Amino acid sequence: MNHPNFTQKLQIFWKEILSYFNVKEDLEPQSDTEVSIRSGVSFKGSQLLTLIFAIFIASLGLNTNSIPVIIGAMLISPLMGPIIGMGLGVGIQDIELVRRSLKNISAAVIGSLLASALYFTISPLYDGASQLLARTSPSIYDVFVALFGGAAGILSIASKNKGQVLPGVAIATSLMPPLCTAGYGLATLQMHFFLGALYLFFTNMIFIFFATWIGVKLMGFKKVVYQNEKRARRIHAIAYSIVALTIGVSIYLTVVMVSHNIFLDKAATFVEKEMVFPNTQVLSHKEYMDKGKRYIDVTLIGEALPKDSLQLALMNKLDSIGLGGTILHIKQGFSLNKAEIDADRNSDEFYRMMQAEIANRQITIDSLRNVIASHGQFASDASRIAPEIKVLFPNIRDIACASILATSTDSLQSDTLNIVLVNSRTSLNNVELNKLREYLQVRLSKPRIEISVNPSGIPWPNK
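Notes on the structure in this doc start here. Because the structure is a prediction, the values reported are computed rather than measured. (Residues numbered from 1 in each chain as written. Predicted model: local features only at pLDDT ≥ 70, side-chain atom pairs only at ≥ 80, totals over all residues. Heavy atoms only, no water.)

**Some thoughts on the overall build of the chain**
Applied cut-off: Segments assigned H or I by DSSP are reported as helices when at least four residues long, segments assigned E as strands when at least two residues long, and all are numbered from the N terminus. Residue burial is assigned from relative accessible area. The probe radius is 1.4 Å, only protein chains are included, and a residue is buried under 20% of its type maximum, exposed over 50%, and partly exposed in between. Pairs of residues are marked as contacts when any of their non-hydrogen atoms sit within 4.5 Å. Where accessible areas are quoted, they stem from the Shrake-Rupley method and a 1.4 Å probe; at the residue level, only the protein chains shown are allowed to cover.
Helix and strand counts for the chain come out as 16 helices and 6 strands. Counting every position in the chain, which comprises 463 residues, the buried fraction comes to 38%. Relative to all contacts within the chain whose residues are 6 or more apart in sequence, the contacts with residues 24 or more apart total 71%. Counting only carbon and sulfur atoms, one obtains 61% of the accessible surface of the chain, whose full area is about 26800 Å².

Here it is in structure tokens:
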């Protein structure tokens, strides 16, 4: 009996793996799948009313920034039908199905735009909610979502066990919200909303169509009997061109989006690491891009810093980390004028800024008070230790203590000196002078004390 060698075992294992991905046994007959898809192409009767209801539900969800309402509109919307029909028509070269699908999806798009524009014209709420803004920035990731979503959709329709795939595809690809967002842009005359959202919708639509087309070919659907091969090839060429163009634009938008996110991350890290000062704090910072230029706005509070030298040093650091060309705006403390406050800060944040400034100045005042108290205490120590000096050093008749600031005229360096002036009946020898210094250092808690014995011109009390 011959045992299989390693190569044969590997082939058996590979066939076993591939068997898990074999969908032929799960597929319905082509005729049944076509009937299911063709029935969802047209918008008539209940399907048309369902589409209108879904438009208003999605508009309400976007207007109120309600995620559950938006998801509900995605589930209700019948927009997937003509898109999948268009992919089936191109895949089996049924030009009449392609034409009918295009006609219905065009009518659905125009109707959706008009209905949502009408709603947002009447609606009093125009807050540009976050869910609305999220539907205006298509990228290559939307391409992948639509592509995999479309693949799951056509496989589900063609399978005997359909499950709940189509509702999930409807949510993932989100065809309805971008149309409603485009209607919002149309109603408010904001073209960046209108064009961005409309492009996102077409991106989703084209790649659902493309995934359906490829899926039909991979599942081996037979072509209809069609004599005009030249026309069929032209339709295929147009479809491939549209797909390639959409991918190109999506890649460009993705590069822009990724570079923008990298800039925001680098800029925020720069502010947190480089703008650290002893007596000055970063109150707030904002990184953004406008018309291709990069900006960093920073508000500082605390001790005022030299603006020109600070700006120059920070700009050099920006160049070193790859943020050259970024425009850096620095605002400090109370230098903000009313127009800047109104434009950049709300009243609560400005109130907090003022509170922080007052607290910082109070700390400075308390510190100065402590310094003054310390100097005054040292000066008054002469009266406190005079009785002890009389006992320990009988020849000393008067003593005076003072802290003074000495500055070099050459180097301009300054230092604080603790001076003790002594009026003695006789000169103090080195032993007595060292003993006096050690006593004063311990008694007055000063590590450095300069002693001057019998200085001239001092109006001592005994005199």
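Additional details are given in the paragraphs that follow.
**A look at the sheet that holds strand β5 (residues 414-424)**
Cut-off, in case you're wondering: The rule for pairing is simple: two strands pair if DSSP sees at least two bridges between them. Fitting a line to C-alpha atoms yields each axis, with helices limited to the stretch in contact; the angle taken between N-to-C directions then spans 0 to 180 degrees.
Reading across the sheet, the 3 strands line up as β4-β5-β6 and stay open at both edges, with mixed pairing between neighbours. Two strands lie at the open edges of the sheet, namely β4 (396-407) and β6 (450-453), each paired on one side alone. Neighbour-to-neighbour, the strand axes of the sheet open up by a mean angle of 25°, direction not taken into account. Sheet topology note: the β5/β6 ladder contains 4 bridges and is parallel. By the bridge assignment for β6, Leu421 is matched with Ser452. Here helix α16 (residues 430-444) sits on the sheet in contact with β4, β5 and β6, set at roughly 130° to β6.

**What about the nonpolar core?**
For clarity, the threshold we go by: In plain words, nonpolar cores are sets of buried Ala, Val, Leu, Ile, Met, Phe, Trp, Tyr and Cys residues tied together by side-chain atoms within 4.5 Å.
Core analysis: the biggest nonpolar cluster contains 51 residues, and Leu79 and Met176 have the highest contact counts within it. Within the residue set of this core, elements represented by two or more residues are α3 (46-64), α4 (67-76), α5 (80-91), α6 (95-122), α8 (140-158), α10 (176-188) and α11 (191-218). Contacts of Met176, omitting those with residues within four sequence positions, involve Leu51, Ala54, Ile55, Ala58, Ser77 and Leu79. Of all hydrophobic cores here, the second largest spans 17 residues; its members include Ile399, Cys401, Val420 and Leu436.

**So, the side chain of Asp297**
Note the cut-off: Counted charges follow a simple rule, with Lys and Arg positive, Asp and Glu negative, and His plus the chain ends left uncounted. A pairing counts as a salt bridge when a side-chain nitrogen of Lys or Arg comes within 4 Å of a carboxyl oxygen of Asp or Glu. Counting of polar contacts relies on pairs of N or O atoms within 3.5 Å, with two restrictions inside protein: one atom must be capable of donating a hydrogen and the other of accepting it, and residues adjacent in sequence are counted only when both atoms are side-chain atoms.
Of note, Asp297 is situated in strand β2 (residues 293-302). Notably, Asp297 is buried but unbridged: the nearest opposite-charge side chain belongs to Lys331, and the N-O separation is 5.3 Å. A polar side-chain atom of Asp297 sits 3.2 Å from a polar atom in the side chain of Tyr288. Engagement of the side chain of Asp297 in a polar contact is seen with the side chain of His329, the distance being 3.0 Å. In contact with Asp297, not counting residues within four places along its chain, are Ser284, His285, Lys286, Tyr288 and His329.

**Observations concerning the pattern of salt bridges**
As enumerated under the stated definition, the model contains 4 salt bridges in all. Arg443 serves as the salt-bridge partner of Glu388, at 2.9 Å between the closest nitrogen and oxygen. In this pair, Glu388 is assigned in helix α15 (residues 347-392) and Arg443 in helix α16, connecting sequence segments 55 residues apart. Asp415 is the partner of Arg448 in a salt bridge, and the nearest nitrogen-oxygen pair spans 3.3 Å. Of the two residues, Arg448 is situated in the loop between α16 and β6 and Asp415 in strand β5; the sequence distance between them amounts to 33 residues. Arg448 sits in the partly exposed class, given a relative accessible area of 47%.

**Observations regarding the packing of α3 against α10**
What describes two packed helices is the angle between their axes and the distance between those same axes. This is how it is decided: Reported orientations rely on four angle classes, namely roughly parallel under 35 degrees, roughly antiparallel over 145, roughly perpendicular from 65 to 115, and oblique for the rest. Residue polarity follows a fixed list, in which Ala, Val, Leu, Ile, Met, Phe, Trp, Tyr, Cys and Pro are nonpolar, Asp, Glu, Lys and Arg are charged, and the others, Gly among them, are polar.
For the pair α3 and α10, interaxial distance at closest approach is 9 Å and the crossing angle is 70°. Taken together, the axis directions place α3 and α10 in an arrangement best described as roughly perpendicular. Across from Leu51, Ala54, Ile55, Ala58, Ser59 and Leu62 in α3, the residues of α10 making contact are Met176, Pro177, Cys180 and Thr181. A class-by-class count of the residues in the contact of α3 with α10 yields 8 nonpolar, 2 polar and no charged.

**A word on the packing of aromatic side chains**
Just so we agree on the cut-off: Two rings from Phe, Tyr or Trp (for Trp, the six-membered ring) form a pair when their centres are within 6.5 Å of each other. A pair whose planes differ by under 30 degrees is stacked, one over 60 is edge-to-face, and the rest are tilted. Only Lys NZ and Arg CZ are tested; either one counts as a charge over a ring when it is within 6 Å of the ring centre and within 35 degrees of the ring normal.
Taken as a whole and assessed by the stated rule, the structure comprises 9 aromatic pairs. Seen in terms of ring centroids, Tyr119 and Phe120 are 5.1 Å apart; in terms of plane orientation they differ by 80°. Their pairing is edge-to-face. This pair shows no difference in class: Tyr119 is buried, exactly as Phe120 is. Where Phe201 meets Phe202, the ring centres are 5.5 Å apart and the plane angle is 70°; that geometry is what we call edge-to-face. Given the relative accessible area of 32%, Phe202 is considered partly exposed. Ring-pair connections join several aromatic residues into one group, and the members of that group are Tyr119, Phe120, Tyr184 and Phe193. Between the NZ or CZ atom of Lys286 and the centre of the ring of Tyr288, over which it lies, the distance is 5.1 Å.

**Section: the pairing of β4**
Judged from the 11 bridges that link them, β4 and β5 form a sheet pairing that is antiparallel. Within β5, the position partnered with Cys401 by the bridge is Val420. Turn length for the β4-β5 hairpin, with the two strands adjacent in sequence and antiparallel, is 6 residues, and the turn residue Leu412 shows positive phi of about 65°.

**Some details on α3**
Put simply, the rule is: A helix is expected to span 1.5 Å multiplied by its residue count minus one.
Between its terminal C-alpha atoms α3 stretches 27 Å, which fits the 27 Å expected from 19 residues at 1.5 Å a residue. Considered for burial, the residues of α3 that qualify are Leu51, Ala54, Ile55, Ala58, Ser59, Gly61, Leu62 and Asn63. Of the residues trailing α3, Asn65 is marked for its positive phi of about 60°.

**Regarding the sheet that holds strand β3 (residues 327-332)**
With respect to topology, 3 strands assemble into an open sheet ordered β1-β2-β3, the strand pairing being mixed. Pairing within the sheet leaves two strands with one partner each, and these edge strands are β1 (280-290) and β3. Strand after strand, the sheet turns through a mean of 15° between neighbouring axes, direction not considered. Pairing geometry for β2 and β3, over 6 bridges, is parallel. Each residue of the ladder has a partner; that of Leu300, found in β3, is Gln332. Across the sheet, helix α13 (residues 307-320) touches β2 and β3, and the angle it forms with β3 is around 145°.

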